[in-house]
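Analysis of the macromolecular model
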Amino acid sequence: DALTARFRAILSKIHAAKQAAADQLRHAAFSLAEVHFAMGSDPAFTIREAVQPGPPSFQVTARLDNVSGVALPVFEAACDEERARASFELTALARGGQAIAKARDAHQAALKSLLDLATWQTAFLLLDDVIRTVNRRVNALEFVVIPKLDNTIQYIASELDEQDREEFFRLKKIQSKKQRDKQDVEIQSKKQR
């Protein structure tokens, strides 16, 4: 039940994350078009020249979130804003520098939206698989294991009842034989007297 509740909550979050990602990607594409317009030429060379060697300013980290025994991955963005701004501080100062900074920020926001969407969709798929497995187990217990155990219990109970009836019959036979033997002994003793 906890997995199903979380599954439904994730479903609504996926819808919201898809809308947000679509908006962010649309904004990022528009900001890239602004860069092309402001610079008048291909900005790729200028941007490559401005990038400094070293660790990336935008990294993705993953951690696990536990929901009822199911480990769900959570992706998080780790962005070093100072390094990102420092590497592009003087980029295209004459033409399009602000547009490049704006495009960089828009694309970072789009990446964060995509990470949220990836988190929710991965959790959705994992929970879907786990819920199916749990449902199969529940159905197996309900329709296979429990009926087999009920049949076994009924069989054992009927066998025990049969044994009780046989034991009762055997005891009656023994008592009747003892009574006959006792009567025979009494008849023998009367004959001897």
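Our focus in this paragraph is the overall build of the protein. The helix and strand tally for the protein stands at four helices and two strands. Helices (α) and strands (β) of the protein occur, in sequence order from the N terminus, as α-α-β-β-α-α. Rg of the C-alpha trace for the protein: 41 Å, well past the compact-globule value of 16 Å for 193 residues, more than 25% over. When its C-alpha atoms are laid out on the principal axes, the protein stretches across 145 × 30 × 20 Å. Among the 193 residues that make up the protein, the fraction classed as buried is 21%. When the accessible surface of the protein is summed, it comes to about 14300 Å², and 58% of that surface belongs to carbon and sulfur atoms. When the 28 basic and 26 acidic side-chain charges of the protein are each reduced to a single mean position, those positions are 9 Å apart.

Moving on, we come to unusual backbone geometry. For serine 68, which is not a glycine, the phi torsion comes out positive at approximately 50°. Tracing the sequence through the fold places serine 68 in the loop between strand S1 (58-67) and strand S2 (70-79).

Let's shift gears to the confidence of the model for the protein. Parts of the model with low pLDDT should not have their predicted coordinates read in detail. When pLDDT is averaged along the protein, the result is 86; 92% of the residues meet or exceed 70. Of all helices and strands in the protein, the one with the weakest mean pLDDT is helix H3 (residues 81-87) (61), whereas helix H4 (residues 97-192) scores best (91).

Bringing the packing of aromatic side chains into the picture now. Enumeration over the complete set of coordinates arrives at one aromatic pair. Judged by centre distance (4.7 Å) and plane angle (15°), the ring pair of phenylalanine 7 and phenylalanine 124 falls under stacked. Residue phenylalanine 7 is located in helix H1 (residues 2-39), and its partner phenylalanine 124 is located in helix H4; the two are separated by 117 residues in the primary sequence. On the basis of relative accessibility, which here comes to 17%, the residue phenylalanine 7 falls in the buried class.

In this section: the pairing of S1. Across ten bridges, the pairing between S1 and S2 is antiparallel. The partner of glutamine 59 across the bridge, within S2, is alanine 78. Counted along the chain from S1 to the antiparallel partner S2, the turn is two residues long, and its residue serine 68 has a positive phi close to 50°.

What follows concerns the packing of H1 against H4. Running from amino to carboxyl end, H1 crosses H4 at an angle of 155°, the nearest separation of the two axes being 7 Å. Our classification of the angle between H1 and H4 gives roughly antiparallel. In the crossing of H1 with H4, the sense of the turn from one axis to the other is left-handed. In the contact of H1 with H4, the residues fall into 29 nonpolar, seven polar and six charged.

The subject of this paragraph is the pattern of salt bridges. In this structure the tally under the stated criterion is nine salt bridges. For arginine 132, the salt bridge identified is with aspartate 128, shortest N-O distance 3.2 Å. On the criterion of helical spacing, the pair formed by arginine 132 and aspartate 128 is a turn pair, its members being four residues apart in helix H4. Exposure remark for arginine 132: the relative accessible area of 49% places this residue in the partly exposed category. Close ionic contact of arginine 165 with glutamate 162 constitutes a salt bridge, the shortest N to O distance being 2.9 Å. In this pair, arginine 165 and glutamate 162 both sit in helix H4, three residues apart, roughly one turn of the helix.

Another point: the environment of tryptophan 120. Mapped onto the elements of the fold, tryptophan 120 is located in helix H4. The spatial distance from the C-alpha of tryptophan 120 to the C-alpha of lysine 191 is 102 Å, given a sequence separation of 71 residues. Every residue in contact with tryptophan 120, bar those within four places of it in the chain, is listed here: Ile10, Lys13, Ile14 and Ala17.

Reading guide: rules and limits
- Residues numbered from 1 in each chain as written.
- Predicted model: local features only at pLDDT ≥ 70, side-chain atom pairs only at ≥ 80, totals over all residues.
- Heavy atoms only, no water.
- Helix = DSSP H or I, 4+ residues; strand = E, 2+ residues; numbered from the N terminus.
- Rg over C-alpha atoms; globule rule 2.2 N^0.38 Å.
- Buried < 20%, exposed > 50% of the residue type's maximum accessible area, 1.4 Å probe, protein only.
- Areas by Shrake-Rupley, 256 points an atom, 1.4 Å probe, with all protein chains shown as cover.
- Lys, Arg positive; Asp, Glu negative; His and termini not counted.
- Charge placed at Lys NZ, Arg CZ, Asp CG, Glu CD.
- pLDDT = per-residue confidence, 0-100.
- Phe/Tyr/Trp six-rings, centres within 6.5 Å; stacked < 30°, edge-to-face > 60°.
- Pairing = 2+ DSSP bridges.
- Axes fitted to C-alpha atoms, helices over the stretch in contact; angles between N-to-C directions.
- Parallel < 35°, antiparallel > 145°, perpendicular 65-115°, else oblique.
- Left-handed = near helix turned anticlockwise from the far one by under 90°.
- Nonpolar A, V, L, I, M, F, W, Y, C, P; charged D, E, K, R; others polar.
- Salt bridge = Lys/Arg side-chain N within 4 Å of Asp/Glu carboxyl O.
- Contact = heavy atoms within 4.5 Å.

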